[in-house]
Amino acid sequence: MAYKSLDHVTVSDIEALGIESEAAKRLHASLTNIIQNYGPATPDTWRNITAHVLSPELPFSFHQMLYYGCYKDFGPDPPAWLPDSETTNLTNVGQLLERRGKEFLGSRYKDPMSSFSDFQEFSVSNPEVYWKAVLDEMNASFSIPPQCILRENLSGDGQLSVLGGQWLPGAFGNPAKNCLSLNRKRSLNDTMVIWRDEGNDDLPLNKMTLKELRTEVWLVAHALKALGLEKGSAIAIDMPMHVNSVIIYLAIVLAGYVVVSIADSFAPPEISTRLKISEAKAIFTQDLIVRGEKSLPLYSKIVAAQSPMAIVILTKGSNSSMKLRDGDISWHDFLETVKDFKEDEFAAVEQPIEAFTNILFSSGTTGEPKAIPWTHATPFKAAADAWCHMDIQIGDVVSWPTNLGWMMGPWLVYASLLNGASIALYNGSPLGSGFPKFVQDAKVTMLGVIPSIVRTWKSTNSVSGYDWSTIRCFGSTGEASNVDEYLWLMGRARYKPIIEYCGGTEIGGGFVSGSLLQAQSLAAFSTPAMGCSLFILGNDGVPIPQNEPGVGELALGPLIFGASSTLLNADHYDVYFKGMPFWNGKVLRRHGDVFERTSRGYYHAHGRADDTMNLGGIKVSSVEIERICNEVDSEVLETAAIGVPPAVGGPEQLVLAVVFKNSDNQTADLNQLRTSFNSAVQKKLNPLFKVSRVVPLPSLPRTATNKVMRRILREQFAQLDQSAKL
């Protein structure tokens, strides 16, 4: 649709969007006044429109008219939100730079906003100073302090002998203890967790103070110790993200064990795979997941996965006489063993910084998921990203619909608690009206989303009528976002910024993000994450110059605080470093996404460069899907699973290329085949995955070594989508 420039918009144009005549005249008068003061097409024009003209109650088509009209001839990356010096100086980074900017940057320092990019570069070139400052800001404490921040271990030829370096060498500590500690950021009476169960949307919120949280975590830690497991044992959690799962998570880490993260949506074979790889000795779960009128079995999936000993929480209203396997134990009986320890402090098990706290899983390009350990340093990377990029501060309320099975679950715990903020948890689906009401009632200040959730909210208008005025910013991760959907989202909170955030389980956080000290453009990243350097590889595999626009596979500088240095079931060097180019004597780290740096210095993600795709924020390998689909129909010779970005932008869609055994097969019912593929993938892999299209091909394109060239198929399918759109 072609939009008029703002100085050509008439009262009639506004009325045509369904706005009654008198309101249209008032809106037009306000718009005219802004144009007279700022012109019809400047970022300041848009800033004043969002402040004085637009509101959530007005039709979204009116928001679009003004946004696209203002930026009609602007070119790429128009700013949807602009910072101002008054608010930027109150951010975490702004306050630090106001105090120490000249110390860090010397004569280059001007003010927090104009010096932010210089500060980001400083965080890369001076990790010793930067990370010490940020860890101090977050009140990070260690029972034995580190000997330094980074030991690079350069060998005689000037290359890193330990790729990625050694971070905080010699330090001992416990991140869960830091989450529960008293410091200048908080008191025992501060609220740490806020939650509500779906179906209780009109009841008061549940709240837990720091004092209460400590008591609950200590009790579970005592009960864990009573199990007699060896220190460092792996203990799995397969539960929804609820107050109990947060308590269990912190208790496992506090007691010196290792959390194994398993998403509650996984089918038994996937649960079993993760339990075996991690060698988990026990698992926390619950009998059922209650979603609206539905009760979804969970404990029975754990049993089918042949799990080790399970500690089982019985959901409200469940039959308390439910039969458990021999050796399993109810949550009530588990805690009853240590009832005499209630309110007794549990002495945190302090461990070396390189010891594991969490094992998470991320799909690679083979069938088995990569098992990625988080060390005792990784939680501080997650919290530091939140401190800097989302500006999470004491008193904030942070909500992000997620699960401990994905990295954003542990991220949410640490990003909130290590920064003195409250976690807000809704035990139910985020897609209906209950969750938006919870955001209002909990007075959420930082709301995290994935684009598919936003798309549902927009299509159902389920957030209508709720007051989101307490939100200071949004965070978005997991998949590519769409400009119109995120323009709509900003409009629900009177145009608060959306901080796009991209990273990985193996990073413990992000490598590219946004900032409240920079103008934010929709569906774009404005900066490498603090402490991270990005390289876009040209067709020759060599990084293009740092500040030039271009598109290519993304590589990362190897020195990333908190990033993985080992894998449990794969060679870390082969996965992340083998075959990568060198830069300034250091081998770059592979990530696998195709990225674009634009002429205005923003970054855009363009999906995976390898054979891994991103479906609804979940990374999954093509091989995992193909292995299942190849067995669905006896007429199918082979399949290729491809993640294709839609022509209009947004998350990847799963397309299956199919080669039939009889190449002349013209009678196959592709809709029926798609239904069969969906059923198999959802049952055996993940119920959230969905095949959007089945495309028959006479053969699959292959390399000389017989590898399927999925990238070629991805490009062809994307071109077909674009042609169809045109």
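Residues numbered from 1 in each chain as written. Predicted model: local features only at pLDDT ≥ 70, side-chain atom pairs only at ≥ 80, totals over all residues. Heavy atoms only, no water.

Looking at an unreviewed UniProt entry, one finds the protein named Probable acyl-activating enzyme 17, peroxisomal and attributed to Prunus avium. Quoted straight from UniProt, the Subcellular location (unreviewed entry) entry for the protein says "Cytoplasm". (UniProt positions renumbered as here; feature names shortened; annotations may be inferred.)

With that settled, the discussion passes to the overall build of the protein. Across its full length, the protein carries 23 helices and 36 strands. The globule rule puts the C-alpha radius of gyration for 726 residues at 27 Å, and the 26 Å found for the protein is close to it. Across its three principal axes, the protein shows a C-alpha extent of roughly 75 × 75 × 65 Å. A burial count over the protein gives 57% of its 726 residues as buried. Partitioning the intrachain contacts of the protein with sequence separation of at least 6 by distance along the chain shows that 67% fall at a separation of at least 24. Just so you have it, the protein exposes about 29100 Å², and 50% of that area is on carbon and sulfur atoms. Here the protein holds 64 positive side-chain charges and 76 negative ones, and the gap between their average locations is 1 Å. (Helix = DSSP H or I, 4+ residues; strand = E, 2+ residues; numbered from the N terminus. Rg over C-alpha atoms; globule rule 2.2 N^0.38 Å. Buried < 20%, exposed > 50% of the residue type's maximum accessible area, 1.4 Å probe, protein only. Contact = heavy atoms within 4.5 Å. Areas by Shrake-Rupley, 256 points an atom, 1.4 Å probe, with all protein chains shown as cover. Lys, Arg positive; Asp, Glu negative; His and termini not counted. Charge placed at Lys NZ, Arg CZ, Asp CG, Glu CD.)

What follows concerns the sheet that holds strand S25 (residues 527-528). In a beta sheet, neighbouring strands are held together by backbone hydrogen bonds and run either parallel or antiparallel to one another. Spatially, three strands are ordered S22-S23-S25 in an open sheet, and the strand pairing comes out antiparallel. Lying at the two open borders of the sheet, with one neighbouring strand each, are strand S22 (502-504) and S25. (Pairing = 2+ DSSP bridges.)

A separate point is helix H8 (residues 127-137). Considered for burial, the residues of H8 that qualify are Pro127, Tyr130, Trp131, Ala133, Val134, Leu135 and Glu137. If you follow the buried residues of H8, they end up packed against helix H6 (92-105), helix H7 (116-125), strand S2 (150-151), strand S3 (166-167) and helix H15 (378-389). Asn139 lies just past H8 and shows a positive phi near 60°.

Of all nine residues in strand S34 (residues 636-644), eight are buried; the element is thus mostly enclosed. Pairing of S34 with strand S35 (residues 653-660), which is carried by eight bridges, proceeds in the antiparallel orientation. Its bridge partner lying in S35, Ala641 is registered against Leu656.

General note: in soluble globular proteins, nonpolar side chains tend to be found buried as a group. Counting 156 residues, the largest nonpolar core has Trp46 and Trp457 as its most contacted members. A per-element tally of this core places helix H11 (residues 243-254) first, with ten residues. Both of domain 1 (6-72) and domain 2 (85-167) provide at least three residues apiece to this core. Beyond its immediate sequence surroundings of up to four residues, Trp457 is in contact with Pro430, Leu431, Phe435, Pro436, Leu447, Val449, Ser462, Val463, Trp468, Trp488 and Leu489. (Core = buried A, V, L, I, M, F, W, Y, C linked by side-chain atoms within 4.5 Å. Domains from an automatic or database assignment.)

Feature annotation in UniProt assigns "transmembrane region" (unreviewed entry) to the following positions: residues 246-267. Here residues 246-267 runs as 41% helix and 18% strand, with 22 Å between its end C-alpha atoms.

A full pass over the atoms with the stated rule returns 31 aromatic pairs. Ring geometry for Phe435 and Trp457: centres 6.0 Å apart, planes at 15°, overall stacked. Remark: Trp457 occurs in helix H18 (residues 451-460) and Phe435 occurs in helix H17 (residues 434-441); sequence separation between them is 22 residues. Taking the relative accessible area as the measure of exposure, Phe435 reaches 2% and is therefore buried. Arranged with centres 5.6 Å apart and planes meeting at 70°, the rings of Trp457 and Trp468 form a pair that is edge-to-face. Of this pair, Trp457 sits in helix H18 while Trp468 sits in the loop between H18 and strand S20 (473-476), and the two are eleven residues apart along the sequence. (Phe/Tyr/Trp six-rings, centres within 6.5 Å; stacked < 30°, edge-to-face > 60°.)

Before going further, it helps to spend a moment on empty space enclosed by the protein. Throughout the structure, instances matching the rule amount to one cavity of 30 Å³ or more. By volume, the largest cavity amounts to about 30 Å³. Every residue lining the largest cavity is listed: Ala80, Trp81, Met490, Pro497, Ile498, Gln520, Ser521 and Leu522. Secondary-structure elements contributing two or more residues to the lining of the largest cavity are strand S1 (79-81) and strand S24 (520-521). (1 Å grid on protein atoms, 1.4 Å probe; cavity = no way out; pocket = protein on both sides within 12 Å on 5 of 7 lines; lining within 4 Å. Points joined across faces, edges and corners; volume = space filled by probe spheres on them.)

It is at 9 Å that the axes of helix H2 (residues 21-38) and helix H3 (residues 43-52) come closest, and there the two elements cross at 150°. With respect to H3, the axis of H2 lies roughly antiparallel. Judged by the twist between their axes, the crossing of H2 over H3 is right-handed. Listed contacts from H3 to Leu31, Ile34 and Tyr38 of H2 are Asp44, Thr45, Asn48 and Ile49. Its residues assigned to classes, the contact of H2 with H3 comprises four nonpolar, two polar and one charged. (Axes fitted to C-alpha atoms, helices over the stretch in contact; angles between N-to-C directions. Parallel < 35°, antiparallel > 145°, perpendicular 65-115°, else oblique. Left-handed = near helix turned anticlockwise from the far one by under 90°. Nonpolar A, V, L, I, M, F, W, Y, C, P; charged D, E, K, R; others polar.)

A few words now on H15. Along its twelve residues, H15 runs 17 Å from first to last C-alpha, staying within 8% of the 16 Å computed at 1.5 Å per residue. Where H15 ends, the next residue or the one after it, Asp391, has phi of about 55°, a positive value. (Expected span 1.5 Å × (residues − 1).)

With that settled, the discussion passes to unusual backbone geometry. Excluding glycine, most residues fall at negative phi; most peptide bonds, likewise, are trans. Not every positive phi belongs to a glycine, and Leu168 is a case in point at roughly 50°. For Leu168, the location among the structural elements is in the loop between S3 and strand S4 (172-173). What makes Leu168 buried here is its relative accessible area of 0%. Even without being a glycine, Ala523 presents a positive backbone phi close to 60°. You can see Ala523 is positioned in the loop between S24 and S25.

It is worth spelling out the pattern of salt bridges at this point. Per the counting criterion, the structure on display carries 21 salt bridges. The residue Arg108 makes a salt bridge to Asp118 at a minimum N-O spacing of 3.8 Å. Note that Arg108 is positioned in the loop between H6 and H7 and Asp118 in helix H7, a separation of ten residues in sequence. For Arg108, a relative accessible area of 43% gives the class partly exposed. A salt bridge links Glu152 to Lys586; the shortest N-O distance between them is 3.7 Å. Highlighted residues: Glu152 in the loop between S2 and S3 and Lys586 in strand S29 (residues 586-587), separated in sequence by 434 residues. Exposure remark for Glu152: the relative accessible area of 26% places this residue in the partly exposed category. The partly exposed category is assigned to Lys586, whose relative accessible area is 23%. Through salt bridges with shared partners, a single network forms among Arg196, Asp202, Lys437 and Asp441. (Salt bridge = Lys/Arg side-chain N within 4 Å of Asp/Glu carboxyl O.)

So, about the side chain of Ser416. Relative to the assigned elements, Ser416 resides in helix H16 (residues 408-417). The contacts of Ser416, once residues within four sequence positions are left out, are Val398, Ala421, Ser422 and Ile423.

The strand order across the open sheet formed by three strands is S34-S35-S36, and the pairing between neighbours is mixed. Two strands in the sheet have a free side with no partner beyond their single neighbour: S34 and strand S36 (691-696). Each strand axis lies, on average, 25° off the axis of its neighbour in the sheet, ignoring direction. Along the sheet face, helix H22 (residues 670-684) touches S34, S35 and S36 and points at about 130° away from the line of S36.

This paragraph deals with the pairing of strand S30 (residues 589-597). Of all nine residues making up S30, seven are buried, and the element is well covered by its neighbours. Relative to S30, strand S27 (residues 550-556) runs antiparallel, the two sharing six bridges. When the bridges of S30 are listed, Gly552 appears paired with Phe595.

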